[in-house]
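A look at the structure
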Amino acid sequence: MAKGSHRAKPSRPDDDLLIALLAGDSGISRRGLLALRSLRMRQREIMSGSRGALVKIEPRPQAPFLDLGQVGRDSPLAADYHSLLVLELCRDFPEHAGALQALLDARRAGLDLSILAAALWQEFGQDEFFKSAETHNCDPHLLAATLWLALKPLFESVAAAFARHFDLPQESPDCPACGGPPWARCDKMLRCAVCETTWQADLPGPWRDAEGPQPRGAKRRYHAQNAQRIVDLDETLFTQAFDTGPFIELLQILERPSVDRSPVA
């Protein structure tokens, strides 16, 4: 007699489908979506290949435990990650190769990425980027966006390593590892927009559906009182999802008619 059938596990969506669901309404072109996929694949390769060569961390005594400004500042790999990212963008967006190459030229001329990596987490960090851009003749927005994406695999790897060795407190509205905001939710599980850590917590409403078509399994919602946004994902998507927001911000810069190499008067 045949055994009772088991419930089939949901199949893993491919990267193209995942990106289409998460970034399909962003307004970036098909080329931009393909570049997003390529950049995420490169981040995964970096995370896979750099284990054990990240940075020494000094956790805080209570959540959020990680100071990602310190992590970005002290990592010897941040500059290499940034070079890999910028060179890949030069291949994908040759019309902006001059503005992108200016970022590498600025580093050769003395631009200190470690200071800027820490500035990403400071209240007046934008001033630091504009000051550095003015000194080194490069686009401050492009500089900040590329550095953020270059550091993201570092942040994810450090947070994942930390979570393997320490129990993270639950029921926090923000990420217990790094303090970042949640960008996605699946039942009571939340995912951090910065380091992709998952934890359990309630996000009290009132939540409203965002306007426009809603992709199946990835419903966009917003908080009616504080305008916080969240994406409600089904279990299959939540397991491998990542915040596409920083990628979209960078690609929107690159899809402008031109990127000014000398934007600061």
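Note that the structure is a prediction, hence the values are computed from the model and not measured. (Residues numbered from 1 in each chain as written. Predicted model: local features only at pLDDT ≥ 70, side-chain atom pairs only at ≥ 80, totals over all residues. Heavy atoms only, no water.)

Quick look at the pattern of salt bridges
Any two side chains of opposite charge can pair, given that their charged atoms come close. Summed over all chains, the structure comprises 15 salt bridges. Put simply, R220 and D25 hold a salt bridge, and the shortest N to O gap is 3.1 Å. Placement of the pair is R220 in strand 5 (residues 218-223) and D25 in the loop between helix 1 (15-23) and helix 2 (30-49), with a sequence separation of 195 residues. Taking the relative accessible area as the measure of exposure, R220 reaches 15% and is therefore buried. Looking at D25, the relative accessible area reads 54%, which means it is exposed. One salt bridge in this structure joins R42 and E88, with 2.7 Å as the shortest N-O distance. Pair noted here: R42 is in helix 2 and E88 is in helix 4 (residues 78-92), with a separation of 46 residues, a long-range link. For E88, a relative accessible area of 3% puts it in the buried group. (Salt bridge = Lys/Arg side-chain N within 4 Å of Asp/Glu carboxyl O. Helix = DSSP H or I, 4+ residues; strand = E, 2+ residues; numbered from the N terminus. Buried < 20%, exposed > 50% of the residue type's maximum accessible area, 1.4 Å probe, protein only.)

Things to note about the sheet that holds strand 6 (residues 229-233)
Spatially, the six strands line up as an open sheet ordered 3-2-1-6-5-4, and their pairing is mixed. The outermost strands of the open sheet, each flanked by one partner alone, are strand 3 (198-200) and strand 4 (207-209). The average angle at which neighbouring strand axes cross in this sheet is 35°, direction not considered. Across two bridges, strand 1 (residues 182-186) lies against strand 6 in parallel orientation. Residue pairing across strands places R185 opposite D232, the latter belonging to strand 6. Contacts from helix 1 reach strand 1, strand 5 and strand 6, with the element oriented near 25° to strand 5. (Pairing = 2+ DSSP bridges. Axes fitted to C-alpha atoms, helices over the stretch in contact; angles between N-to-C directions. Contact = heavy atoms within 4.5 Å.)

Describing the nonpolar core
Of all hydrophobic cores here, the largest spans 80 residues; its most connected members are L36, L89, L100, L142, W183 and L233. Broken down by element, this core gets its largest block of residues, 13 residues, from helix 8 (residues 140-165). (Core = buried A, V, L, I, M, F, W, Y, C linked by side-chain atoms within 4.5 Å.)

Thoughts on empty space enclosed by the protein
Using the criterion set out here, one finds one cavity of 30 Å³ or more in the structure. In this structure, the largest cavity occupies an estimated 80 Å³ of space. Taken together, L39, R42, Q43, I46, Y81, L84, L85, E88, L149, A150 and P153 make up the full set of residues lining the largest cavity. Those elements that provide at least two residues to the lining of the largest cavity are helix 2, helix 4 and helix 8. In terms of residue class, the lining of the largest cavity is built from eight nonpolar, one polar and two charged. (1 Å grid on protein atoms, 1.4 Å probe; cavity = no way out; pocket = protein on both sides within 12 Å on 5 of 7 lines; lining within 4 Å. Points joined across faces, edges and corners; volume = space filled by probe spheres on them. Nonpolar A, V, L, I, M, F, W, Y, C, P; charged D, E, K, R; others polar.)

Some words on the pairing of strand 6
Taking burial as the measure, the five residues of strand 6 include four buried ones, the bulk of the element. As defined by bridge partners, strand 5 adjoins strand 6 across five bridges and the pair is classed as antiparallel. Residue A218 lies in a different strand from strand 6, and its bridge partner there is L233. Connecting strand 5 to the next strand, strand 6, in antiparallel fashion are five residues, including A227 with a positive phi near 65°.

Regarding the packing of aromatic side chains
Going through the model one piece at a time under the given rule, you end up with six aromatic pairs. Judged by centre distance (5.5 Å) and plane angle (35°), the ring pair of F65 and F162 falls under tilted. Of this pair, F65 sits in the loop between helix 2 and helix 3 (68-74) while F162 sits in helix 8, and the two are 97 residues apart along the sequence. Overall, the relative accessible area of 14% leaves F65 in the buried class. (Phe/Tyr/Trp six-rings, centres within 6.5 Å; stacked < 30°, edge-to-face > 60°.)

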